[in-house]
Amino acid sequence: MKVPLSWLREYVDAPAAPEEAARLLLQAGVGVEAIEGDVLDLEITSNRADLLSILGVAREVGVLLGRPVRVPAPRYAEGARRMDAAWSVSVAALDLCPRYTARAIAGVRIGPSPDWMARRLEASGIRPINNVVDVTNYVLLESGQPLHAFDARRLKGGRVVVRRAAAGEKITALDGREYALSPDMLVIADAERPVAIAGVMGGRETEIGPDTADVLLESAQFDPVSVRRTARRLGLSTESSYRFERGVDYDGVEWASRRAVQLILETAGGAALEGVLEAGGPRPVRPVARVRPARISRVLGMEVPPARVRQILESLGCSVAEREGAFEVAAPPGRRDLRLEADYIEEVARVQGYDAVPCDTRLPQAVPVDPPEEQVREAARSTLAGLGAYEALTWSFAAAGEPNRAPFWTDGPLVPLRDPQGQVDRTLRASLAPGLLGVLETNESYKEPLRPVFEIARIYRKEAAGYGEKTVLGVAAPGDPLAVKGLLERLFERLGIALELRPRDFPFLVPGASAEVVLGGKTVGYVGLAAPELSGLRSAAGVAEIDFEALVPAARLARPYREFNRRPPVERDLSVVLSDGVTWKEVEAVVREAAPATLERLRFLSEYRGKPIPPGHKGWAFSMLFRAADRTLTSEEADAAVQAVLRALESRLGARLR
């Protein structure tokens, strides 16, 4: 926002030196990017839309210096011809246009603007066009209220309608480009077609030109979200849309309209029609906040007398009423950022001076502790990385039409993302597996050695109440799914969680080579061999996804102390023949039940199929490690334990010694 000081001084007695004015604004929290001669280039934050005008900056300077602000009072004579006899205005979308006004001037003479106006516009970064268009830009810079002037003779039907665009409608804007409109965009239309994109840009067919004689002047308030969305989709950003997106004030509409009519009559001649046409909803009620002077002193750490608080608030233009030791404060027009008590406390601190706020060096000290989710995340990352897996960071979206999920977390449609034209061109991922397998595919295409990869990230899905997110741990590794299963076993062991797998087929995994991960009786993930529908790899790959949010409360990262056993262990291997239907979970349960308490570790070794093992059977070998805490085990004790295990396998699972 460029502010010529010569223009600013018309409204307030600002400091003569630009450097002094800049310092004054900087101390009040208003950024100054540059000083170019007599012009200050201000950096306006999004919550201070009131500073997007010369009058807004003048009010700020007036508050800081305690000086009055001289706001022009628009005055002009109206002609005998009535507005309502020539025009009608209606709003068909009150949710997007709370207020719309129109005035008309007949018999203008289009020409160049006076030098004083042209210089001010150029100093503010706007190119002069003609006296009518320049007045709308001048008032926009002066008050922050965007305006638009139509060539009234080119409007058809004598009426203006504020409505949503019809499907398939198009408009050629002032920049000469044709834009396709959609029904969620607001337009200004005459009796036949749209003549402006509301709050963004006018149409070329009704622009002010050299032959314009009658002018219809629009001053309105549009919904900020609607203007922002329309501007983004059309790729149009204008001085008007910039201000509408940040919100203009209901009460500023009327003043700006009368001010523009006054200046048009002064610079282009003509006669104003009598009255104004207005349409829209009721005037909004300004929020009232209860401001307690005692709380201001506590928050700022310095005493600010109630009389001074009231003086500051009233100098800002607030309506202040005292009740029960506190102030009931309503924000002035244009200050949409003032709603809560905290907002007014900040204003008091800003005007009183941030340098007056005392500095307390007695800072409390506390040892920072990461939240449980971060602790479990770090434990998982370090464990998997320590096992040789690489952490990946994959895209959270993919082009529309590309596979973007394994259908485990949701069966619903993918969450769409739209481009500026409103077309769905991407979708958010609904699982991590496709991205991780894509990493392996990329490495495979470059003939790089394949290594396990993992990622802890969010997936996105539609839920009953709208859209939802979930943090998921994904793992993918080359080869059969045992590699992924092994990573999960070590990870769960580090987290202090028992890994429980149940055989289950999924449509995106190879049948018979997959399982669901169960925690506390609930399914929290899956592991298996990726099917061709999910993986584009030329070689096999295992994949798993776990609900990371379920792991966090179940994790037990602190390990209890256990005395180191200095007795030597005794290890025995056992090879048995089992039918194909027997699972490792069943074997492990029988072994641990039949073995003595000295069994310290049970480890699967290998599987064999072929002669002399009959069809429908398999040979499994596993290792058992025995160790007692109070003595050295004898060979006889270990052999007896092995025999007990073998007898239990024979009787309960039909096994025989191989």
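Given the structure is predicted, the values throughout are model-derived calculations rather than measurements.

Glancing now at the sheet that holds strand E8 (residues 159-164). As summarised here, the arrangement of the five strands in space is E5-E8-E11-E12-E13, forming an open sheet in which the pairing is mixed. The sheet terminates laterally at strand E5 (88-91) and strand E13 (201-202), the two strands that pair on one side only. When E8 meets strand E11 (residues 186-189), the two strands line up antiparallel, connected through four bridges. Bridging from a neighbouring strand, Val162 pairs with Ile188 of E11.

A few words on the environment of Gly468. Tracing the sequence through the fold places Gly468 in strand E25 (residues 466-478). Residues Gly468 and Ser579, 111 residues apart in the sequence, show an inter-C-alpha distance of 45 Å. When sequence neighbours within four positions are dropped, the list of residues in contact with Gly468 reads Ile459, Tyr460, Arg461 and Glu463.

This part takes up the confidence of the model for the chain. Of the residues in the chain, 99% reach a pLDDT of 70 or more, and the chain-wide mean stands at 92. Confidence scores differ between elements of the chain, with strand E22 (residues 416-418) showing the lowest mean pLDDT of 86 and strand E20 (residues 390-391) the highest of 97.

For the coordinates displayed, the defined rule picks out 64 salt bridges. Between Asp251 and Arg283 there is a salt bridge, with the nearest N and O atoms lying 2.7 Å from each other. With Asp251 in the loop between helix H8 (239-246) and helix H9 (252-268) and Arg283 in the loop between strand E16 (277-280) and strand E17 (288-291), this pair connects stretches of sequence that are 32 residues apart. Residue classification places Asp251 among the partly exposed residues on the basis of a relative accessible area of 23%. A residue is classified by how much of its surface remains accessible, and Arg283, at 53% relative accessible area, is exposed.

Here the focus is unusual backbone geometry. The amide bond that connects Lys611 to the next residue, Pro612, takes the cis arrangement and shows omega of 5°. With a phi angle near 50°, Glu324 is a residue other than glycine that sits in the positive phi range. On the secondary structure map, Glu324 appears in the loop between strand E18 (319-323) and strand E19 (326-330). Its identity as a non-glycine residue notwithstanding, Lys447 has a phi of 60°, on the positive side. With relative accessibility at 71%, the residue Lys447 sits in the exposed group.

Moving on to the packing of aromatic side chains. Tallied over the entire structure, the rule returns 14 aromatic pairs. Ring geometry for Trp116 and Tyr138: centres 5.5 Å apart, planes at 90°, overall edge-to-face. You can see Trp116 sitting in helix H5 (residues 115-123) and its partner Tyr138 sitting in helix H6 (residues 131-143), a full 22 residues away along the chain. In this structure Trp116 comes out as partly exposed when scored by relative accessible area, which is 34%. Feature note: the residues Phe408, Trp409, Phe506, Phe508 and Tyr526 constitute an aromatic cluster, connected by ring pairs. A cation sits over an aromatic face here: Arg99 above Tyr250, 4.6 Å from the ring centre. Against the face of Tyr242 rests Arg246, its NZ or CZ located 3.7 Å from the ring centre.

Judged by nonpolar contacts, the single largest core of 50 residues is most densely connected at Leu8, Leu42 and Val61. Sorting elements by how many residues they give to this core places H9 first, with eight residues. In contact with Leu42, other than residues within four places in its own chain, are Met1, Val3, Leu25, Val30, Gly31, Val32 and Val57. Ala102, Tyr179, Leu273 and Leu277 belong to the second-largest nonpolar core, a separate cluster that totals 42 residues.

What counts, and at which threshold
Residues numbered from 1 in each chain as written. Predicted model: local features only at pLDDT ≥ 70, side-chain atom pairs only at ≥ 80, totals over all residues. Heavy atoms only, no water. Pairing = 2+ DSSP bridges. Helix = DSSP H or I, 4+ residues; strand = E, 2+ residues; numbered from the N terminus. Contact = heavy atoms within 4.5 Å. pLDDT = per-residue confidence, 0-100. Salt bridge = Lys/Arg side-chain N within 4 Å of Asp/Glu carboxyl O. Buried < 20%, exposed > 50% of the residue type's maximum accessible area, 1.4 Å probe, protein only. Phe/Tyr/Trp six-rings, centres within 6.5 Å; stacked < 30°, edge-to-face > 60°. Lys NZ or Arg CZ within 6 Å of the ring centre and 35° of its normal. Core = buried A, V, L, I, M, F, W, Y, C linked by side-chain atoms within 4.5 Å.

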